Amino acid sequence: MTTTAPDGRFPPDRPAVPGLVPFDEARRIVLERIRPLPPVPLPLAEAAGCVLAEDVAAAEDIPPFANSAMDGFAVRSADLAGATPEHPTRLRLAGEVFAGTARLPLVEPGTVVRITTGAPLPPGADAVVPVEATTLDGPDVLLGMAPAERGFVRAAGEDVAAGTIVLRSGQVLEPAAIGMLASIGRPVVLAHPRPTVIVVSTGDELVDPGEPLGPGQIRNSNSFMLAAQATAAGVHAFPLGRLRDDVAALEAGFTRAAAEGNAVITSGGVSVGEHDYTKQVLAELGDVTPWRVAMQPGMPQAFGHAAGVPLFGLPGNPVSAFVVFEVLVRPALRKLAGYPPGRLDRPRIVARLAEPVRSPAGKTSFLRVTLAPGPSGPLASLTGAQGSGVLSSCVAADGLAVVPAAERGLPEGAEVEVVVLREDWGP
Ligand code: AMP
Ligand code: MG
């Protein structure tokens, strides 16, 4: 599926640190080369979480007709001047109107009509008296209040008048926006489709869960983890499985992935290993190029377009793959999905370090931390050993503490930005 047009200079020919591309620049380069998927008409039921690509005006008033805000009685307010709980006014019950009733009785002077919430206000009536202020007495109703004109009535167009723009192009279709589209009677909207992302792992050593583990073999964790991360980012993710480290298998696998997806994520085979044919095959399929991003974990990566779709080559180490996905791939997938610039990245908060941390000079570090309330704002504590093979450090993480490339470490109590990973985390 060809979805984005490669453009711009890649890789950058003059990185700030020779051989290493600063993290922020890598992020900028990646995002620059991603084009949102062209908008398509989407049925409402599929549009939740997608990004709108048209301004939407209400074709109808909401509500479409004046209706009752309460269960009670539709009245002529003039009949009830001076009515109080102590001195209720007696009027004759002359009919009923329910939500959905089309043929409405006329409310004559001296009469009332029973009405339910949302039912159209019948002709003649100009107010509603809530049932709580009334008592039935044979054929009559005793009404213990004098409602204002239009009292307890929702006017036609009170929420939205026909012709009003209710949603703007570029807006994310959150649940309330979907409700609004349904309210104004729109079954289909023009929106960016949810991207389909194919996740591929490479490596002869990999064995899927459920299969026996032979000598020298390890579990393929990345396919499943990256697909789960992509799903959490709001795209359709499909793990295509493992590809063996040989040219024919990689060529066939990547060609299929690019044909079936709007983007491909691959892990493994982008470092300088002996049997890493991945780089060679990817270069042949397009302009996918290895580069070293000045970040830890996750330095060796590849990026570009293969058979016309963006391809993110992540390191094989599970922690590296996890982190690179969160800070580089996730924003790119959201751009592909049409998200606006301010909504690409996970939110960041400022926290204080509960302990001193170290960081390699010249690389941005993303340390896995828990977040807890502290005396002066959130407190970030390391989740344990930070090695790039220690996946348990990610499991426990509420966030990624960002140590800038210029720092070789930070003392306890220092302020750090933390990329918040848990949507429900709150101080
Ligand atoms: P590579 O980037 O291919 O050199 O792999 C780096 C390390 O990550 C090696 O220890 C691999 O065994 C490991 N690795 C590669 N792919 C995966 C995967 N899909 N799941 C878990 N570990 C992996
Ligand atoms: Mg490998």
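Okay, so let's go over this structure. All values reported here derive from a predicted model rather than from experimental measurement.

## Overview of the overall build of the protein chain
Move 1: Each helix and strand in the protein chain was counted, giving eight helices and 29 strands.
Move 2: What you see for the protein chain is a C-alpha radius of gyration of 31 Å, clearly larger than the 22 Å of a compact globule of 427 residues, by over 25%.
Move 3: The dimensions of the protein chain, computed from C-alpha atoms along their principal axes, are 95 × 50 × 45 Å.
Move 4: Among the 427 residues that make up the protein chain, the fraction classed as buried is 47%.

## Some thoughts on the site of ligand 1
Move 1: Near ligand 1 lie 16 residues; those nearest to it are Glu205, Asn220, Gly269, Ser271 and Gly316.
Move 2: Ser201 places a side-chain nitrogen or oxygen 3.2 Å from a nitrogen atom of ligand 1.
Move 3: Here Ser221 contributes a backbone N or O atom positioned 3.1 Å from a nitrogen atom of ligand 1.
Move 4: Look at ligand 1: alone it shows 490 Å² of surface, and the protein chains cover 78% of it.
Move 5: More than half of the atoms belonging to ligand 1 lie within 2 Å of the grid points that define the largest pocket.
Move 6: Looking at the shell around ligand 1 residue by residue, the classes come out as three nonpolar, 11 polar and two charged.

## Thoughts on the nonpolar core
Move 1: Counting residues in hydrophobic clusters, the biggest one holds 49 residues, and the most contacted among them are Ile265, Met295, Phe312, Leu314, Phe325 and Leu333.
Move 2: Elements with a minimum of two residues in this core: helix H1 (23-32), strand S15 (196-202), helix H4 (222-232), strand S19 (263-267), strand S20 (289-296), strand S22 (309-314), helix H7 (318-336) and strand S27 (399-403).
Move 3: Top element by residues in this core is H7. It accounts for 12 residues.
Move 4: The residues touching Phe325, leaving out its near neighbours within four places in the chain, are Leu226, Gln229, Ala230, Ala233, Ile265, Leu314, Arg330, Pro331 and Leu333.

The rules behind these values
- Residues numbered from 1 in each chain as written.
- Chains lettered and ligands numbered in written order.
- Predicted model: local features only at pLDDT ≥ 70, side-chain atom pairs only at ≥ 80, totals over all residues.
- Heavy atoms only, no water.
- Helix = DSSP H or I, 4+ residues; strand = E, 2+ residues; numbered from the N terminus.
- Rg over C-alpha atoms; globule rule 2.2 N^0.38 Å.
- Buried < 20%, exposed > 50% of the residue type's maximum accessible area, 1.4 Å probe, protein only.
- Near = heavy atom within 4 Å.
- Polar contact = N/O pair within 3.5 Å; in protein donor to acceptor, adjacent residues only side chain to side chain.
- Areas by Shrake-Rupley, 256 points an atom, 1.4 Å probe, with all protein chains shown as cover.
- 1 Å grid on protein atoms, 1.4 Å probe; cavity = no way out; pocket = protein on both sides within 12 Å on 5 of 7 lines; lining within 4 Å.
- Sits in = over half its atoms within 2 Å of the grid points.
- Nonpolar A, V, L, I, M, F, W, Y, C, P; charged D, E, K, R; others polar.
- Core = buried A, V, L, I, M, F, W, Y, C linked by side-chain atoms within 4.5 Å.
- Contact = heavy atoms within 4.5 Å.

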